[in-house]
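One letter stands for each residue in the lines below.
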Amino acid sequence: TEPIMSATPAPASATRPTRRAPFGLVLLATGLPMFMATLDNLVMTNALPAIRLDLGASIEELQWFMNAYTLAFASFILMAAALGDRLGRRTVFAAGIALFTLASAAAALATDPVQLIVARAVQGLGGAAIMPLSLSLLAGAVSERMRPLAIGVWGGTAGLAVALGPLVGGAVVEGWDWNAIFWLNVPIGAVAIPVALALLPNPFGERVRADVLGVVLAGLGVLGLVWGIVRGNEAGWGSLEVLTGLVGGGALLVLFVLWQLRAPAPLLPLRLFRDRSFSIANVVGVGFSFGMFGSVFVLIQFLQIVQGYSPLEAGVLTMPWTMAPMVVAPLAGLLSPRVGTRALIVAGLALQATALAWIGLAMTPEVPYAELVGPFIMAGVGMGLVFAPSSTAVLANIAERDTAKASGTNSTVREVGVALGIAVLTAVFTGAGGQLTPTGYVDAAVPAVLTGAAVVAATALVATLLPAGRLPRRIAATTREPRELVTQP
């Protein structure tokens, strides 16, 4: 069997060839699957109105089309990272691509809301093995000198997927039907698996027992919270169903933390949170995803339901917002060692909060598109300033052996933020009497978007507590403890 090794390439005597694959091919092997999984976070947004009509889905089911993916993703991502340490990160990465591809085909074949929700949940399990291991494999497969650039390009690729999600979804729905947005993943997955197996090393981490109890406690805890929020307006916030979800979910999450303190091989090593950069970057991940993606869920449908644009037109009109991260994120990745991650993240969050507040205050049924272009661009630039620097801040002081769990934790909290953001902002929308009709949408959408803006603004304040983040020459070391590698204060 292949020997166990750390994320840093081991000596030639310990493993297979140490020669690195070309930089561009490593980016392709890690970035293509990540692009596919990230695309599916937003590819459904422009298709939701068409899916609602075709499958007869309610607004609650529309949320679960999105949240089934994000919750499964968030619940399994740390387990996937642990399995990567035990079975080989490339091995689990390729298995995740295969599962994601098969689930995409199942989603394309769905004929009722329940089938689509289940398929989306399985997609999330596959995506959970793709996202954190993609970044971990990338960090271990390139030289330290090229790592900031590689992470920047990785962030730019994520930005491109975010940018193209609504556009691709709209174009496919208008040119074919909504099922085709999932068929697109099948050829991508078929190409990505052999490319990853051929080009990437297969590093191992510490071989420990899988923390199944931790997965169950965390997964059911987050599910309970989201379930309670989604059902709150319809079932009543004081109903047994909702209280069971909220109180039970919170209690399970408390038990999860207590178990992580006692578990012999914890799913989430709480010692990582001793590092200020890691802790604050994860708070930023939750707040950023909550406010921004929750607002996107509301705004994308505004363009179609209220203003009457087609799915493709809505995707094109949001391009000033969604395309900006593709350009800004790689530049931010290059600038972060010199400027510092804190300055870029705070600036990006401030731009996003201002843009969402601007959109919320300007939103009327007749608002001209020209009045939305400015805040769209501002929001896109802000997103690009957060993507790569926040990934860098997460790994700034983390030892190589912990990179998979560290990046997995960050991906988990961001996906939890997406799920909570969609649930909470939709609850604000429905609580304000919102309906999926041209006349019943705007008055309820405005407080939802302004809530998102407030959350992002609060996150910007928290981000000022980050270390400056002008990175030392070595981002991480394989043998040092995280506290020995501290970013500049």
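Along every chain, residues carry numbers that run from 1 in the direction the sequence is written. Whole-chain, interface and lining totals are the exception, using all residues; otherwise, since this is a predicted model, local features are given only for residues with pLDDT of at least 70 and side-chain atom pairs are given and counted only at 80 or more. Side-chain figures throughout are based on the complete set of non-hydrogen atoms in the structure, without hydrogens or water.

Student: Can you walk me through the packing of helix H14 (residues 324–339) against helix H15 (residues 341–362) in this structure?
Tutor: The packing of two helices is summarised by the inter-axis angle and the distance between the axes. Contact geometry for H14 and H15: axes closest at 7 Å, N-to-C directions at 125°. Here H14 is positioned oblique relative to H15, judged by the angle of their axes. The segment H14 lies against H15, with Ala 332, Leu 335, Ser 336 and Val 339 engaging Thr 341, Ala 343 and Leu 344. The residue classification treats Ala, Val, Leu, Ile, Met, Phe, Trp, Tyr, Cys and Pro as nonpolar and Asp, Glu, Lys and Arg as charged. All others, Gly included, are polar. For the contact of H14 with H15, the per-class residue count stands at 5 nonpolar, 2 polar and no charged. Angles shown run from 0 to 180 degrees and are taken between the N-to-C directions of axes, each axis being a line fitted to C-alpha atoms and, for helices, limited to the stretch in contact. Only DSSP runs of H or I reaching four residues or more are called helices, and only runs of E reaching two or more are called strands; each is numbered from the N terminus. Roughly parallel here means an angle under 35 degrees, roughly antiparallel means over 145, roughly perpendicular means 65 to 115, and every remaining angle is called oblique. Whether two residues are in contact is decided by their heavy atoms, any of which lying within 4.5 Å being enough.

Student: Help me out: how do you make sense of the packing of helix H3 (residues 59–87) against helix H9 (residues 212–235) in this one?
Tutor: Their axes nearest at 9 Å, the elements H3 and H9 cross at an angle of 160°. Here H3 lies roughly antiparallel to H9, going by the angle between them. Along this stretch, H3 crosses H9, giving a crossing that reads as right-handed. Side by side, H3 and H9 meet where Glu 60, Gln 63, Trp 64, Asn 67, Leu 71, Ser 75 and Met 79 of the first sit next to Val 212, Val 215, Gly 219, Val 222, Leu 223, Val 226, Trp 227, Val 230, Arg 231 and Glu 234 of the second. Split by residue class, the contact of H3 with H9 holds 10 nonpolar, 4 polar and 3 charged. Crossing handedness: left-handed means the near helix sits turned counterclockwise from the far one by under a right angle, and right-handed means the same turn made clockwise.

Student: I'm lost on the packing of aromatic side chains in this one. Help?
Tutor: What describes a pair of aromatic rings is the distance from one ring centre to the other and the angle between the planes of the rings. Paired rings are identified among Phe, Tyr and Trp, the last through its six-membered ring, by centres lying within 6.5 Å, and are further divided according to the angle between planes into stacked (under 30 degrees), edge-to-face (over 60) and tilted (the rest). Throughout the structure, instances matching the rule amount to 9 aromatic pairs. Ring geometry for Tyr 69 against Phe 100: centres 6.3 Å apart, planes inclined by 80°, an arrangement best described as edge-to-face. In this pair, Tyr 69 is assigned in helix H3 and Phe 100 in helix H4 (residues 89–108), connecting sequence segments 31 residues apart. Think of it in three bands: with a 1.4 Å probe and only protein chains considered, a residue is buried below 20% of the maximum accessible area for its type, exposed above 50%, and partly exposed in between. By relative accessible area, Tyr 69 is classed as buried at 0%. Relative to Phe 278, the ring of Phe 273 has its centre 5.0 Å away and its plane inclined at 70°; by these criteria the two rings are edge-to-face. Phe 273 sits in the partly exposed class, given a relative accessible area of 32%.

Student: Explain the pattern of salt bridges to me, please; I cannot follow it from the model alone.
Tutor: Pairing is possible between side chains that carry opposite charge, provided their charged atoms lie close to one another. For salt bridges, the criterion is a side-chain nitrogen of Lys or Arg within 4 Å of an Asp or Glu carboxyl oxygen. By the definition in use, this model includes 1 salt bridge. With its nearest N and O atoms 2.8 Å apart, the salt bridge here joins Glu 241 to Arg 231. Here the residue Glu 241 occupies a position in helix H10 (residues 240–262), and Arg 231 occupies one in helix H9, the gap between them amounting to 10 residues.

Student: What exactly am I supposed to notice about H14 here?
Tutor: The sharpest bend along H14 reaches about 35° and sits at Gly 333, with the proline Pro 337 one to four residues further on. Buried within H14 we find Ala 324, Pro 325, Val 328, Ala 329, Ala 332, Gly 333 and Ser 336. Positive backbone phi, at 105°, marks Gly 340, one or two positions downstream of H14. To get the bend at a given residue, fit one axis to the seven residues ending there, fit another to the seven starting there, and take the angle between those axes.

Student: Before we go on, may I ask you to explain a nonpolar patch on the surface in this structure?
Tutor: Together, Val 254, Leu 255, Val 257, Leu 258 and Leu 261 make up an exposed nonpolar region whose accessible area comes to about 450 Å². Looking at where Val 254 falls in the secondary structure, it is placed in helix H10. Like-charged residues are merged into a patch within 9 Å and nonpolar side chains (Val, Leu, Ile, Met, Phe, Trp, Tyr) within 5 Å, provided each residue has over 30% relative accessible area and no salt bridge. With residues, only the protein chains shown are counted as cover, and all accessible areas are computed by Shrake-Rupley using a 1.4 Å probe.

Student: Would you explain the environment of Met 66 in this entry?
Tutor: By the secondary structure assignment, Met 66 is in helix H3. Take Met 66: its relative accessible area is 4%, and that puts it in the buried class. The spatial distance from the C-alpha of Met 66 to the C-alpha of Leu 42 is 8.4 Å, given a sequence separation of 24 residues. Filtering out sequence-adjacent residues up to four positions away, Met 66 remains in contact with Asn 41, Met 44, Thr 45, Arg 120, Phe 297 and Ile 422.

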